[in-house]
Amino acid sequence: MKKVSVIGASGYTGAQLVSLIHQHPDMELVHTFVSENSQDAGKSMAQLHGSLAHLHQYKVQPINELVLKELSQTMDLVFLATPHEASHDWMPVLSSGNARVLDLSGAFRIKERDVFANHYGFEHTAAACLDQAVYGLAEWYSEAIAAAHIIAVPGCYPTASLSALKPLADASLLDTSVRPVINAVSGVSGAGRKASLTTSFYEVSLQAYGVLGHRHTPEIEAYLGTPVVFTPHLGNFKRGILATITVKTAAGTQQSDLNAAFRQAYGNSPIVRLRESFPKVDDVAHTPFVDLFWKLDEQSGYAVIASAIDNVMKGAASQAVQCANLLCGLPSEKGLIL
Ligand SMILES: NC(=O)C1=CN([C@@H]2O[C@H](COP(=O)(O)OP(=O)(O)OC[C@H]3O[C@@H](n4cnc5c(N)ncnc54)[C@H](OP(=O)(O)O)[C@@H]3O)[C@@H](O)[C@H]2O)C=CC1
Ligand SMILES: CC(=O)N[C@@H](CCC(=O)OP(=O)(O)O)C(=O)O
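Residues numbered from 1 in each chain as written. Chains lettered and ligands numbered in written order. Predicted model: local features only at pLDDT ≥ 70, side-chain atom pairs only at ≥ 80, totals over all residues. Heavy atoms only, no water.

J.: Any chance you could explain the domain arrangement of the protein chain here in plain terms?
T.: Much of the literature gives interface size as the accessible area that the parts lose upon coming together. According to the domain assignment, the protein chain consists of domain 1 (2–132) and domain 2 (156–311). Placing the centre of domain 1 and that of domain 2 at their C-alpha centroids yields a distance of 27 Å. Taken together, the contacts link 13 residues of domain 1 with 11 residues of domain 2. Where domain 1 abuts domain 2, roughly 1,100 Å² becomes buried across the two surfaces, and 52% of that area is made up of carbon and sulfur atoms. Inspection of the region where domain 1 meets domain 2 yields two salt bridges. Here Asp40 makes a salt bridge to Arg193, at a shortest N to O gap of 3.6 Å. Linking domain 1 with domain 2 are four residue pairs in polar contact (both at pLDDT 80 or more), by the criterion used here. Taken together, the elements giving at least two residues each to the side of domain 1 that touches domain 2 come down to helix H1 (12–22) and helix H5 (114–120). (Domains from an automatic or database assignment. Contact = heavy atoms within 4.5 Å. Buried area = accessible area lost by both parts, 1.4 Å probe. Salt bridge = Lys/Arg side-chain N within 4 Å of Asp/Glu carboxyl O. Polar contact = N/O pair within 3.5 Å; in protein donor to acceptor, adjacent residues only side chain to side chain. Helix = DSSP H or I, 4+ residues; strand = E, 2+ residues; numbered from the N terminus.)

J.: Help me understand the pairing of strand S8 (residues 181–186), please; the structure alone is not making it clear to me.
T.: In summary, the side chains of a regular strand alternate between the two faces of the sheet. Only one face of S8 is buried: it carries Ile182, Ala184 and Ser186, and the other face, with Val181, Asn183 and Val185, is open. Pairing of S8 with strand S10 (residues 229–234), which is carried by six bridges, proceeds in the parallel orientation. The partner of Asn183 across the bridge, within S10, is Thr231. Across six bridges, the pairing between S8 and strand S11 (residues 241–248) is antiparallel. When the bridges of S11 are listed, Val181 appears paired with Thr246. (Buried < 20%, exposed > 50% of the residue type's maximum accessible area, 1.4 Å probe, protein only. Pairing = 2+ DSSP bridges.)

J.: Explain the site of ligand 2 here, please?
T.: Taken together, 15 residues surround ligand 2, and among them Arg109, Cys156, Tyr209, Arg215 and His216 come closest. Note that an oxygen atom of ligand 2 is positioned 3.4 Å from one of the side-chain N or O atoms of His84. Side-chain polar atom of His214 to an oxygen atom of ligand 2: 2.8 Å apart, as the coordinates give it. Expressed as a share of its isolated accessible area of 440 Å², the protein-covered part of ligand 2 is 84%. Split by residue class, the shell around ligand 2 holds six nonpolar, seven polar and two charged. Two domains each put at least three residues into the shell around ligand 2: domain 1 (2–132) and domain 2 (156–311). (Near = heavy atom within 4 Å. Areas by Shrake-Rupley, 256 points an atom, 1.4 Å probe, with all protein chains shown as cover. Nonpolar A, V, L, I, M, F, W, Y, C, P; charged D, E, K, R; others polar.)

J.: Before we go on, may I ask you to explain the site of ligand 1 in this structure?
T.: The immediate surroundings of ligand 1 are formed by 28 residues, with Ser10, Thr13, Ser35, Ser38 and Thr82 found nearest. Contact between ligand 1 and Tyr12: an oxygen atom at 3.0 Å from a main-chain N or O atom of the residue. For ligand 1, an oxygen atom lies 2.8 Å from a polar atom in the side chain of Thr13. Expressed as a share of its isolated accessible area of 890 Å², the protein-covered part of ligand 1 is 85%. Here the shell around ligand 1 takes three residues from helix H4 (residues 84–94), the largest share from any one element. Along the lines of polarity and charge, the residues of the shell around ligand 1 split into 12 nonpolar, 14 polar and two charged. Both domains that meet at the shell around ligand 1, namely domain 1 (2–132) and domain 2 (156–311), each give it at least three residues.

This is the structure we're talking about:
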């Protein structure tokens, strides 16, 4: 049994991790943490989340540098489900021992440090950890993930977008002179558990945000290798992301080429479901799956691809567990699909 701790366990992705690790056959959840001065310190997961009302045994404890050091030496795996800056600050100590660290924040996803000043609002000073970190897009970097000490689990929109676009880029089916256009709608859980006016029930209504400046644009571009136009939207539902992506395909591309590219990329990936019609958000809500469907207009060369995920699962927690499985030499879907 691998010994596991979750930091940031009271949040949406942290609670999802607790639930997944609790039911994982090869993992034992030893500790759960919140911040040092958290109002929730001492509460059980059962008290914090109604859906975990059966999990009285896990009590969230306050984290500090001494505890982090101890975790780095005593745990096999530590998940950081914390804000970007907290992950950034904790990583050097946490990754200094044998424990392998899986960070769900954006703090270690991109190698260029100026992206953090421009898009995240802080200076990145943990250069050695950034160099070491491996991007945890499980279907695409499984070998590097298996050998890594630090995993930067991808963002939710990048997971939906890259899962749809990488098979075409890999097969050289994109006309890269025309930027892929990604329009994606997320449920409100994407914004985290803290109360805010923009995510309150009365205020939320389908709306674009972060237009031409969202921090996921450089993340998508870094791992696709080509620029994109990305527009996120907040939707009035709880869980899930639907990304509808328009691309110009390389001259002469046929529908059968697209079909072959997706089959080639995901033929052996149980987490990715190649659909026969356009997926709905509810098809994937609360599941670890990525659902994909696509259609090409052979006359114009434009194709539309739809990618649906649950933002808290494949967009964060279940993808982190996929990476943890790979680190442990297990099939990436272990404990996630019945
Ligand atoms: N929600 C989503 O769909 C996705 C989120 N992510 C990323 O995952 C991370 C967690 O997101 P999410 O679960 O939504 O966030 P939440 O706001 O729901 O939860 C954040 C958690 O971190 C704790 N926390 C806050 N500050 C610190 C600190 N300094 N040290 C330790 N713990 C701290 C909070 O508890 P307390 O404040 O009480 O200490 C809480 O447990 C973020 O980086 C987010 O960007 C990534 C992909 C998708
Ligand atoms: C609806 C909503 O607000 N979504 C979040 C994305 C959450 C996520 O995946 O991302 P990070 O780990 O990169 O923060 C946002 O747009 O900031």
